[in-house]
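Letter by letter, the chains look like this.
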Amino acid sequence: MAQADIDEGLYSRQLYVIDHDAMRRMGKADVLIAGMRGLGVEIAKNVILAGVRSVTIQDEGVVQWRDLSSQFYLKEADLGQNRALCSEKQLSSLNVYVRVSAWTNKLDEDFLSKFQVVVLTNSPLEEQLHVGAFCHSNNIKFIVADTRGLCGQLFCDFGESFEVRDTNGETPVSAMIAHISKDNPGIVTCTDEESHEFTDGMFVNFSEIQGMTELNSYGPIEIKVRGSYSFSICDTSNFSEYVKGGVVTEVKQSEILSFVTIRDPGLVEMTDYGKTQRHLSLHLAFQALHRFTQKYSRAPHPRSQAGAEELVAITKELCKDAKFDELDEDAVRQLSLVASGDLAPVSAFIGGLAAQEVVKACSGKFTPLRQWLYFDALECLPQENDGVLSEDACAPRDSRYDGQISVFGSAFQDKLKKQNYFLVGAGAIGCELLKNFALIGLGAGEGGNITVTDMDSIERSNLNRQFLFHSKDIGRLKSEVAAESVKEMNPYMNITAHQNRVCPETEEVYTHSFYSNLDGVAAALDNVDARVYLDQCCVRNKKPMLEGGTLGSKGHTLVVVPHLTESYGPSTSGGQKAIPICTLKNFPHRIEHTLQWARDQFEGLFKQTAENVNNFLSDPTFVDRTVARGDVEAVEILEGVYRILGEEWPQNWADCVSWARRQWETLYNNQIKQLLHCFPRDQVTSSGLPFWMGAKRCPDPLTFDTNNTTHMDFIVAAANLYGQIYGITGSRNRADIQSILQGVKVPEFTPKSSVKIAVTDQELKEENEERKEEDKVKLEMLKEKLSKLQLKDQSFRMHPQEFEKDDDSNFHMDYIVATSNLRAENYNIPTADRHKSKLIAGRIIPAIATTTAAIAGLMCLELYKLVQGHQKITSYRNAYINLATQYFVLSQFICFIITSFHMYSEKSVLKLERHSCEMFSSNLRFIYNFIKINNAYGIYSKKLFYTLMED
């Protein structure tokens, strides 16, 4: 698959998680998924959305009542028919680029040899051993996934030599250099703008160093961290003296991993560090289940005490062979009691993890599971004071909920049907939650209801992970289509679709009476402010809230229980850390700075000024209201209005091109010359150090060249956008534009000695104070000029441009990319392609279906507890996961360490680590880094919840 063949419109959000090269490798992979119960179809759905070449689904079995508890593409009318054939059509509709076919025969070696990845679900042990051995010897990646009630199992064997090209998928770490010592080892000190993010064992490259230039071509060097701003490298004692400058950047290292076959004992990965012993016990208990099933041709009967004791006895025999003497017998008994169950949330979680392993196997991206993983949510079972479930209460009833009834009983199912829940958001997580709600029967009975609200319409980029939507739905409202889709999954669902934002303006709709009729709220939102407001509504109305979020391969869940747990909490300053104004205006040193500057240019030139003009033309009080905002801001606004209605008003397309050319000269030549006039290249500070060093990169003016593609990209985009706000039709014809440019006269520029440029935001503030009198005079002149403006057409209005990153025809991203990269060229900053520019400037949240499915599954496991009314705080879990590295923290509410994110430092994390057990210290590090990264996107709470484990 060539990069040009990757449908970036469809895969745009996923490409920020799985890069183009990894996607091309995935596009060559043929995957077999055996078993089309709930777990199998979940894996297939996620893998097809991810974009492999083909998926073959295999199943010899027919649809049974219990399958409907977790298999979302099966209907009651399908009973008795082959599961794979019944699922093929709907799976095929998920992604036009993936060939989907069904196979209803047995798995033989000739058939298996056609695939690069084989996944077995809910399969007998003999089949796992045989297929596993064949795959291992033939270099076929092999995955086993299984769910039994509230427990799940996952195994991976990617062969004896598997290359991981990128272990974590994170952007390479980089930092500006302040000093490098001549020593053995040499000590690199980074600028003190912010602490570096390097870790021991990383490899780095150096560039742009002046003086100790040997390092610029030295090659990857392993480092050892010395502190928050320093690390050691190789022997630099014989290198030249360091003078100034330099950038250090992480070099990603591939790894070769070796896997053993499923017959061999392997490592067990933890998903809940409070259950270490239980998961080791489950490793043997699942093997015992296979023996039990082989003996009786069935799983233990639901809630059968005799079956449970027999399973414990079989497990004890296995313990002797394995020389394991710390068996958790209670966990084995509980597994037996629920083993016949089939739960949608568990399938969603394990299915999300398993599908991510398929992605790793196909792409070489991210670290695979090594090699066993066990998961259980046995704390979802009724608490002691709720009584003991009987075999009769959990017996099958020829009901679509039989797989769930066998775990929780029929009374609980009746309770689920009567629930009234409010789901806010019908995007990626919202779709997955609605799928689970339909399968478990939430609100699907008399008196029950789901209210879902989302004001957005479906876009093409949604189809890659919001699986309830298809191409035919583009342009329709998400909430309406989602409601229709889940009604097809479960026709008994009672669901109401709204298109409202949940905010203070809609409190007349979502009143106290509305909340009073609810049993709970689920938040599937993508920003902090909306979450905080919804949390406040739940606290005020004493309603529980389930909350979850994702960022690429990472995700989190939070459950808020009235009078029991912490609430989500207020937000003081969610969102991206502000870049200092002076850094943006004059001293950028990262591509993020130039992209933010480009976005600010777009907003100022093509949106805000046009809106101000329209307000001026339609509102007689506009000038007075603007003056009330302060002299500095008022001058800037009114100057823009006067300029755009006066001397810069274009009469035709040629005038728009002329404006764009003069704008180019101002931004990339004149302003740089003025900056260098104020701060020459050899400028020194009061302490005698070079002014242009560290984070201050000395710029160079650019010279316009019509043969330079980026120069012309700017002219084309800027001229068209300028024409659009005036209602003038533009053109993409570069030959015609170049012809117009030949006649444009660009004024000569001479730097002025009277101009002062602030180096810090504090200096800028002080300069504004000093200019107060000057601004007052300017303001009076502007008011007078504007009062005399006479328009020929009194009905004239401008057309402000609302930034839209996903429309490639509107010139918005064309302008951002060219504007940013020219600025980067000024300052010798590595440029960014359109893909990366869209991510940063468009503030896109990377997303992938696997993480979304897993997070929604965990949220619904907490829902089970809420519906039952669990009152033990130790029953509930908050989760932090990273599927890229198979890292899981499912934490209990035992001891909270709560702090404002913006006051939290790495030092305090390290301090906490010293007072924690070694196992938990890594959890702290993960959560700290996870939220530190994700908070930049403004989607996570300002609070960090660090929970100590019972042990």
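Residues numbered from 1 in each chain as written. Predicted model: local features only at pLDDT ≥ 70, side-chain atom pairs only at ≥ 80, totals over all residues. Heavy atoms only, no water.

**Notes on the packing of helix H3 (residues 38-50) against helix H10 (residues 344-363)**
Next up, step 1: Orientation of H3 relative to H10, taken along the N-to-C sense of each, is 45°, at an axis distance of 8 Å. Here H3 lies oblique to H10, going by the angle between them. The handedness of the crossing between H3 and H10 comes out as right-handed. For the pair H3 and H10, the contacting residues are Gly38, Leu39, Glu42, Ile43, Asn46, Val47 and Ala50 in the first and Ser347, Ala348, Ile350, Gly351, Gly352, Ala354, Ala355, Val358 and Val359 in the second. (Axes fitted to C-alpha atoms, helices over the stretch in contact; angles between N-to-C directions. Helix = DSSP H or I, 4+ residues; strand = E, 2+ residues; numbered from the N terminus. Parallel < 35°, antiparallel > 145°, perpendicular 65-115°, else oblique. Left-handed = near helix turned anticlockwise from the far one by under 90°. Contact = heavy atoms within 4.5 Å.)

**Topic: the sheet that holds strand E21 (residues 520-523)**
Next up, step 1: Reading across from one edge, E20-E19-E18-E21-E22-E23-E24-E25 is the order of the eight strands in this open sheet, with mixed pairing throughout. Both edges of this open sheet fall to strand E20 (495-498) and strand E25 (887-892), since each of them pairs with a single strand only. Strand-to-strand twist across the sheet, computed as the mean angle between neighbouring axes with direction ignored, equals 10°.
Next up, step 2: Taken together, the seven bridges between strand E22 (residues 545-551) and strand E23 (residues 554-560) define a ladder with antiparallel strand orientation. Of the residues in E23, the one forming a bridge with Glu547 is Leu558.
Next up, step 3: Strand contacts of helix H14 (residues 478-489): strand E19 (449-453) and E20, with the helix running at about 165° to E20, the strand carrying the most contacts.
Next up, step 4: Its contacts with the sheet put helix H16 (residues 528-541) on strand E18 (420-424), E21, E22 and E23, and the angle it makes with E22 is roughly 170°. (Pairing = 2+ DSSP bridges.)

**What about the pattern of salt bridges?**
Next up, step 1: Tallying each qualifying case throughout the model produces 48 salt bridges.
Next up, step 2: One salt bridge in this structure joins Arg643 and Glu648, with 3.4 Å as the shortest N-O distance.
Next up, step 3: You can call Glu648 partly exposed: its relative accessible area is 24%.
Next up, step 4: In the salt-bridge network here, residues are joined through shared partners; they are Asp19, Asp166, Lys252 and Lys365. (Salt bridge = Lys/Arg side-chain N within 4 Å of Asp/Glu carboxyl O. Buried < 20%, exposed > 50% of the residue type's maximum accessible area, 1.4 Å probe, protein only.)

**Let's talk about the UniProt feature "active site" (unreviewed entry) in the protein chain**
Next up, step 1: UniProt feature "active site" (unreviewed entry): in the numbering of this structure it lies at Cys582.
Next up, step 2: Following the sequence through the fold, Cys582 ends up in helix H17 (residues 581-585).
Next up, step 3: Here Cys582 falls in the buried class, since its relative accessible area comes to 4%.
Next up, step 4: Not counting the four nearest positions on each side in its chain, Cys582 is found in contact with Phe587, Ala758, Val759, Thr760, Asp761 and Leu764. (UniProt positions renumbered as here; feature names shortened; annotations may be inferred.)

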